[in-house]
Amino acid sequence: MAGTIAIKNGYVFDPLNEINGERMDIFIRNGKVVTELSAAELKDAKEIDASGKTVMPGGVDSHSHVAGAKVNVGRMMRPEDHYKFYQKKTPLTHSGCGYSVPSVYLGGYEYSKMGYTTVFEAAVPPMEARHTHEEMRATPMLDMGGYLVLGNNWFLMRYLKEGDIEKAAAYISWMMRTHKTYGIKCVNPAGVENWGWGENVHALDQANIHFEVTPEDIIKGLAELNEMLGFSMPVHLHANNLGHPGCWEITRDSLKIPKNIKARPKDHNVEWAETKVNPRRHESVYLTHCQFNAFGGTSWRDFESGVKGITDYVNSHDHVVMDSGCVPFGDATVMTGDGPAIHDLYVLTGNKWSNTDVECECGSGVLPFTYLKSNPVHSVQWAMGLEVLLYVKDAWKSIMTTDSPNGGPFIKYPQVIAWLMSNKARQDTLNECHKWAADRSGLAAETREMTLNEIAIVTRANAARTIGLSHSKGTLGVGADGDVAIYDLDPAKLEVSDYESIIRAFENAAYTIKGGEVVCQRGEIVAIPEKKTYYSDIAVNADEEKKMIEDVKNWFKYYTIGFSNYPTPEKYLANPTPIKIDAEV
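Residues numbered from 1 in each chain as written. Predicted model: local features only at pLDDT ≥ 70, side-chain atom pairs only at ≥ 80, totals over all residues. Heavy atoms only, no water.

## Here's the deal with the overall build of the chain
This is how it is decided: Note on conventions: DSSP H or I runs of at least 4 residues are helices, E runs of at least 2 residues are strands, and numbering of each starts at the N terminus. Based on C-alpha atoms, the radius of gyration is set beside the globule rule, defined as 2.2 Å times the residue count to the power 0.38. Remark: exposure states derive from per-residue accessible area (1.4 Å probe, protein chains only) relative to the maximum for the residue type, with buried under 20%, exposed over 50%, and partly exposed in between. Pairs of residues are marked as contacts when any of their non-hydrogen atoms sit within 4.5 Å. All accessible-area figures derive from a Shrake-Rupley calculation using a 1.4 Å probe, and residue coverage is judged against the displayed protein chains alone. Positive charges are assigned to Lys and Arg, negative charges to Asp and Glu, while His and the chain termini are left out of the count. Each charge is placed at NZ for Lys, CZ for Arg, CG for Asp and CD for Glu.
Looking only at helices and strands, one finds 18 helices and 26 strands in the chain. At 23 Å, the chain has a C-alpha radius of gyration in line with the 25 Å of a compact globule built from 585 residues. Principal-axis analysis of the C-alpha atoms places the extent of the chain at approximately 65 × 55 × 45 Å. Relative to its full complement of 585 residues, the chain shows a buried share of 63%. For the chain, the proportion of contacts with a sequence separation of at least 24, taken over those separated by at least 6, is 78%. Total accessible area computed for the chain in this model is approximately 20700 Å², and 48% of it derives from carbon and sulfur atoms. Of the charged side chains in the chain, 59 are positive and 75 negative; the average position of the first set lies 2 Å away from that of the second.

Now the structure itself:
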């Protein structure tokens, strides 16, 4: 239950308020950050002595695969992932297991131990939305939401081909409300549709089968529709040719497509926390897991990092934000809506795999994977994930992820933070890697060491700002949710060469506070807080929506479920929290 808390004398990092390690107090009342507490309130408040500790807003993960059908397939496919990593039941918590694909309970607990309070599922297939919400509802400790996969949707491709933008806008707004989802996800545009016929697309101007729309048509169309409807976040792009040598060029060219589309997020019907930095996004595209989209070379023989070609573009343009997709080595489970990419990985590795066509809407694939320091390609991928974050000059253009569990599980975030903050950590790992890591990337010569303020930007402030949640998340400004992470890390005494201390501090937060309640303390879950599920509730012209629904109902004879069973009722969500947007379309 949200209480009254006074966090005293901590070193506070709140980038949205330009607070960079200032020693100060943070006060929380009724679950919200406030300026001060009265003497009477202080008398009854829980006081936390944060002297010698780092205080940040609760962590925000804007791209992680944690719930839904493909995640569950990953769990079922990998019994070997379960018995090595488990947690016993306690009087307060459920038991759980799973290293790269944890059970929903364990996933929530592990995020909370690291100081995270908000996580968004990166890909929700419309027909699997109920399942996804059931798992998000069961995930404790976290506020959540999900992005709806629309890049190969039959209705949208048809409307884009016909140039019927009004119906396309009506369809997207209806789908968000119908499936209680938050933003637009675009995976391998036009290519996943072709995969239904055993094909793919490999160029931005290559039309797909039947619908005859190109990746460029889809990226441009969805980016324009995203801004027409005033979404809180930019269109979320997984570019074409992912995971293939040389794919960095098509990724860079994909980012050019929405260059002239102006970001127009609507002012939602929410109260905004006080911030000094503009908390609203200005980007028209959010590139995800850049590392997997930044392969250089022409084959596996001359494979090399292509990151610089992308980061040079991002450094010189302001309409792009991206997350990294770091590879921290070890066991992973690759899962994506990009079916052909998973098939190609199966051909390459021979590992067990799964591929699914989600009728008329999208697809997915799952494959267990292990990243090895001794493997030449894997070692370059490790270097590339770090290059993505270190080469981008302005931390407000990047977000730290592992695309969990694709590059590795999210529990490896503390290790990634150590590599970003400590050149010695990177050099020590380079010495353990295949020599390709040094020879075919620029990491060996990179000496930048990120500060704690930059870590706060790439792990919470910018993630919240990018997805339009900085009205309440990613900041400790007055009016923000009382989500706080306190780490046993004294900035005045920090020696980044002692990178093991950085890993230890971020693995188990001294305190994780959610909504004004201490929920985790030094790795132990001490309370199960209430949670929220965000979704976009967009109002459009009712007549246009009525005409669009006639199209949908007519086509539903080809679906395996009835139209009335298609929507996800609010009862599937934990504390439904709609972000209301009047699109004026």
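Now, onward.
## Structural notes on the sheet that holds strand β17 (residues 330-336)
Note the cut-off: In short, DSSP must find at least two bridges between two strands for them to pair. Note on method: axes are straight lines fitted to C-alpha atoms, helices fitted across the in-contact stretch only, with angles between N-to-C directions ranging 0 to 180 degrees.
Strand order across the open sheet formed by three strands is β17-β19-β18, with antiparallel pairing between neighbours. Of all the strands in the sheet, just β17 and β18 (354-358) have a single pairing partner and so form its edges. Neighbouring strand axes in the sheet, compared pairwise and without regard to direction, differ in orientation by 15 degrees on average. For β18 and strand β19 (residues 362-371), the ladder comprises five bridges, and the chain directions are antiparallel. The residue of β19 that forms the bridge with Asp-357 is Gly-363. Sitting on the sheet, helix α2 (residues 69-77) touches β17, β18 and β19, and the angle it makes with β19 is about 40 degrees.

## So, unusual backbone geometry
Trans is the common state for peptide bonds, and a negative phi is the common state for residues other than glycine. Residue Pro-405 is bonded to the preceding Ser-404 through a cis peptide linkage, with omega at 5 degrees. The residue Pro-405 is located in the loop between β20 (398-399) and α13 (413-421) in this model. Of note, the phi angle at Met-141 is positive, near 80 degrees, even though the residue is not glycine. Within the secondary structure layout, Met-141 lies in the loop between α4 (129-138) and β10 (143-149). The class for Met-141 is buried, based on a relative accessible area of 1%. With phi around 40 degrees, Asn-188 is a residue other than glycine that occupies positive phi space. Relative to the helices and strands, Asn-188 is located in the loop between β11 (183-187) and α7 (191-195).

## As for the pairing of strand β2 (residues 19-29)
Across eight bridges, strand β1 (residues 5-14) lies against β2 in antiparallel orientation. Its bridge partner lying in β2, Ala-6 is registered against Phe-27. For β2 and strand β3 (residues 32-34), the ladder comprises three bridges, and the chain directions are antiparallel. Its bridge partner lying in β3, Phe-27 is registered against Val-34.

## Quick notes on the UniProt feature "domain: Amidohydrolase" (unreviewed entry) in the chain
Quick note on the threshold: UniProt positions are given in the numbering used here, feature names are shortened, and annotations may be inferred rather than shown by experiment.
Under the present numbering, the feature "domain: Amidohydrolase" (unreviewed entry) in UniProt falls on residues 46-519. In residues 46-519, the share of helix is 34% and the share of strand is 19%. The end C-alpha atoms are 13 Å apart.

## Here we look at helix α10 (residues 307-315)
The test is simple: Think of it as the arc spanned by the lines of direction from the helix axis to the C-beta atoms.
Buried within α10 are the following residues: Val-307, Ile-310, Thr-311, Tyr-313 and Val-314. Take α10 and look down its axis: the buried residues cluster within an arc of 155 degrees, on one side only. On its buried face, α10 is in contact with α9 (248-256), β15 (304-305), β16 (320-323) and α12 (376-391).

## Points about a negative patch on the surface
Operational definition: Exposure above 30% relative accessible area and no salt bridge define the residues that can form patches, which grow by joining like charges within 9 Å and nonpolar side chains of Val, Leu, Ile, Met, Phe, Trp and Tyr within 5 Å. Should a side-chain nitrogen of Lys or Arg be within 4 Å of a carboxyl oxygen of Asp or Glu, the pair is scored as a salt bridge.
Where like charges cluster on the molecular surface, the negative patch consists of Glu-495, Asp-498, Glu-500 and Glu-507. Considering the arrangement of structural elements, one finds Glu-500 in helix α17 (residues 499-507).

## Description of the nonpolar core
Put simply, the rule reads: Side-chain atoms within 4.5 Å link the members of a nonpolar core, which is a set of buried Ala, Val, Leu, Ile, Met, Phe, Trp, Tyr and Cys residues.
Formed by 89 residues in total, the largest nonpolar core has its most connected members in Tyr-171, Ile-172 and Tyr-182. When residues in this core are grouped by element, the largest group, eight residues, is from helix α6 (residues 165-179). Once residues lying within four places of it in the same chain are set aside, the contact partners of Ile-172 are Leu-150, Leu-156, Ile-184, Leu-222, Leu-225, Leu-229 and Phe-231. One finds Tyr-11, Leu-16, Met-136 and Ala-485 within the second-largest nonpolar core, a separate group that totals 69 residues.

## Focus on the pattern of salt bridges
Tallied over the full model, the rule gives 32 salt bridges. One salt bridge connects Arg-158 with Asp-551, and the closest N-O pair in it is separated by 3.8 Å. Remark: Asp-551 occurs in helix α18 (residues 542-555) and Arg-158 occurs in helix α5 (residues 154-162); sequence separation between them is 393 residues. One salt bridge in this structure joins Asp-481 and Lys-532, with 3.0 Å as the shortest N-O distance. In this pair, Asp-481 is assigned in the loop between α16 (452-466) and β21 (484-487) and Lys-532 in the loop between β24 (524-525) and β25 (533-539), connecting sequence segments 51 residues apart. Judged by relative accessible area, Asp-481 falls into the buried class, the value being 5%. A network of salt bridges, in which partner residues are shared, links Lys-32, Asp-143, Lys-473, Asp-481, Asp-483, Lys-514 and Lys-532.

## Re the packing of aromatic side chains
Selection rule: Any Phe, Tyr or Trp ring, taking Trp's six-membered ring, that has another such ring centre within 6.5 Å forms a pair; planes under 30 degrees apart are called stacked, those over 60 apart edge-to-face, and the others tilted. Should the NZ of a Lys or the CZ of an Arg lie within 6 Å of a ring centre and within 35 degrees of the ring normal, that charge is described as sitting over the ring.
Taken as a whole, this structure holds 27 aromatic pairs when the rule is applied. On the basis of an interplanar angle of 55 degrees and a centroid distance of 5.6 Å, the ring pair of Trp-154 and Phe-211 is categorised as tilted. Of this pair, Trp-154 sits in helix α5 while Phe-211 sits in the loop between α7 and α8 (215-228), and the two are 57 residues apart along the sequence. According to the relative accessible area criterion, Trp-154 is partly exposed, its value standing at 21%. Here the aromatic residues Phe-155, Tyr-159, Tyr-171, Trp-174, Phe-556, Tyr-559, Phe-563 and Tyr-566 are joined through ring pairs into a cluster of three or more. The positively charged end of Arg-280 is found above the aromatic ring belonging to Trp-272, 4.1 Å away from the centroid.

## A few points about α6
Formally: Multiplying 1.5 Å by the residue count of a helix minus one yields the expected span of that helix.
Under the 1.5 Å per step criterion, the end-to-end length of α6 is 21 Å for 15 residues, consistent within 8% with the ideal 21 Å. Of all 15 residues in α6, 12 are buried, a share of seventy percent or more. Residues Lys-167, Ala-168, Ala-169, Ala-170, Tyr-171, Ile-172, Ser-173, Trp-174, Met-175, Met-176, Thr-178 and His-179 constitute the buried set of α6. In the segment just after α6, Lys-180 is the residue with positive phi, at about 55 degrees.

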